[in-house]
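Observations on the three-dimensional arrangement
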Amino acid sequence: MSTSVAMHMSDGLLNATTSMLFIGVAVLGLAVAAARARATLDDRTAPMAGLVAAFLFATQMINFPVLPGVSGHLLGGALAAILVGPWVGALCVSIVLVVQALVFADGGITALGANITNMALIGTAAGFLVALALRRLAQHGRAGLVAVAFIAAVFNTVLASVGFVVEFAMGGETSFPLGTVAATVIGVHCLIGIGEGVITALTVGAVAAVRPDLVYLLRGTERPLELRTAAGVAA
Amino acid sequence: MRKRGFFIGFLLVALVIAGAVSYLADSDPDGLDHATMVGCEVVEVDGAERLKGDCIAQRAREHQLSSSPLADYAVGGDERSTGMAGVLGVLLTLGLAGGLFWLLRKRSTT
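Residues numbered from 1 in each chain as written. Chains lettered and ligands numbered in written order. Predicted model: local features only at pLDDT ≥ 70, side-chain atom pairs only at ≥ 80, totals over all residues. Heavy atoms only, no water.

A closer look at the overall build of chain B
Secondary structure summary: chain B contains three helices and two strands in total. Along its sequence from the N terminus, chain B presents helices and strands in the succession α-α-β-β-α. Its C-alpha radius of gyration of 20 Å places chain B more than 25% over the 13 Å reference for a compact globule of 110 residues. In chain B, which comprises 110 residues, the share counted as buried stands at 36%. Pairs at least 24 residues apart make up 30% of the contacts formed inside chain B by residues separated by at least 6 positions. (Helix = DSSP H or I, 4+ residues; strand = E, 2+ residues; numbered from the N terminus. Rg over C-alpha atoms; globule rule 2.2 N^0.38 Å. Buried < 20%, exposed > 50% of the residue type's maximum accessible area, 1.4 Å probe, protein only. Contact = heavy atoms within 4.5 Å.)

Next comes the structure, spelled out in structure tokens:
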């Protein structure tokens, strides 16, 4: 049914030095994230963060078609960052990747550092920085928040794929033309980013409709998010 | 009460996605796999799929845990059990992540 390659980067695509280097990057990044995460985790947000990780695991199982013969699935960095903040979000994505690699044999074990760097660190940071830049729009109403979630998710996906290209350029099998690899990976991830954007927008929109207080990006909003009439949103 | 209802609802959505919607997932290679397979074609050899040609995926090594009980999102290699594997994965992830975040959280002093 499927070939030997898994959904995330397999072992053997990067040389040992590069794999080790990115294991170091991942460990360092996660240590910082864990230290910073404490500030936003309390009795209310800790269960939410656990559920976000579980939700990401579930959603990553759903590969959606993007081109004939090519699928894509959620990475989840922007989704996690918007709902639980960048530090906790990076930990959520990482836990999912660790469970996938160690329990479901999905994504290589020596490649785990590179996969965490791309999806949990780069993806989450990119998604969060875009969402932060557009925070005023997100706080303007639910349509704004949904739009910001979509845009942040697109950047999350594309930049995570750029992370793979950089790693491949540093320590990949160089007999393959880098330009072709880069164009294919980034091109396909622009399309996957649209799917990522739709799933992220739907999820963030649904949470904001029921519990806007649990959306990290809306914290510090002066007035509580209110539902607006169609005319108000369109204006 | 409303608070607990939201959390239970969120978990149920995740369980339904992993347990049921996962059967609808596209089995084509994802974007990254697709890129690593450029230059190769998938051929059938002795009933198994092999890669023919020169591509990055030819360098991919078999996963060290490929014979683990839940490898490839199936219980004991049975492809019909994807939903069960997904439900177990959701609960395991919730347990690990929830436990870690519960330990990391700031304790309220009240």
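What about the packing of helix α3 (residues 77-84) of chain A against helix α5 (residues 112-133) of chain A?
How two helices pack is summed up by the angle between their axes together with the distance between the axes. Residue and element names in this part refer to chain A. At a closest axis distance of 7 Å, the pairing of α3 and α5 adopts a crossing angle of 55 degrees. One finds that α3 runs oblique with respect to α5. In terms of crossing hand, the pair formed by α3 and α5 is right-handed. In this structure, α3 contributes Gly77, Ala78, Ala81 and Ile82 to the contact, and α5 contributes Met119, Gly123, Thr124, Gly127, Phe128 and Ala131. Taken together, the residues of the contact of α3 with α5 break down into six nonpolar, four polar and no charged. (Axes fitted to C-alpha atoms, helices over the stretch in contact; angles between N-to-C directions. Parallel < 35°, antiparallel > 145°, perpendicular 65-115°, else oblique. Left-handed = near helix turned anticlockwise from the far one by under 90°. Nonpolar A, V, L, I, M, F, W, Y, C, P; charged D, E, K, R; others polar.)

Looking at the interface of chain B and chain A
Contacts between the two partners involve 65 residues from chain B and, on the opposite side, 75 residues from chain A. Together, the buried faces of chain B and chain A total about 6,200 Å²; carbon and sulfur atoms form 71% of this surface. In terms of surface lost to chain A, no three residues of chain B exceed Phe10, Tyr73 and Phe101 of chain B, which account for 12% of the buried area on that side. The tally of links from chain B across to chain A stands at one salt bridge. Across the pair Arg105 of chain B and Asp43 of chain A runs a salt bridge whose closest N-O atoms are separated by 2.5 Å. (Buried area = accessible area lost by both parts, 1.4 Å probe. Salt bridge = Lys/Arg side-chain N within 4 Å of Asp/Glu carboxyl O.)

So, the packing of helix α1 (residues 16-37) of chain A against helix α4 (residues 86-103) of chain A
Residue and element names in this part refer to chain A. Interhelical geometry of α1 versus α4 gives an angle of 130 degrees and a closest axis separation of 8 Å. With respect to their mutual orientation, α1 and α4 come out oblique. For the pair α1 and α4, the sense of crossing is left-handed. For the pair α1 and α4, the contacting residues are Leu30, Val32, Ala33, Ala34, Arg36 and Ala37 in the first and Trp87, Val88, Ala90, Leu91 and Ser94 in the second. Here the residues of the contact of α1 with α4 sort into nine nonpolar, one polar and one charged.

What to know about α5 of chain A
Residues and elements named next belong to chain A. For α5, with 22 residues, the first-to-last C-alpha span of 30 Å sits near the 32 Å given by 1.5 Å per residue. Along its length, α5 reaches its greatest deviation from straightness, about 30 degrees, at Gly123. For α5, a buried count of 17 out of 22 residues is recorded, marking the element as mostly surrounded by other parts of the structure. (Expected span 1.5 Å × (residues − 1). Bend = angle between axes of the 7 residues up to and from the residue.)

Structural notes on the UniProt feature "transmembrane region" (unreviewed entry) in chain A
Residue and element names in this part refer to chain A. Look at the UniProt record and you will see "transmembrane region" (unreviewed entry) annotated at residues 47-67, 79-103, 109-133, 145-166 and 186-210. Counted over residues 47-67, helix gives 67% and strand 19%. Its end C-alpha atoms are 37 Å apart. Within the segment residues 109-133, helix and strand shares are 88% and 0% respectively, and the terminal C-alpha atoms sit 35 Å apart. (UniProt positions renumbered as here; feature names shortened; annotations may be inferred.)

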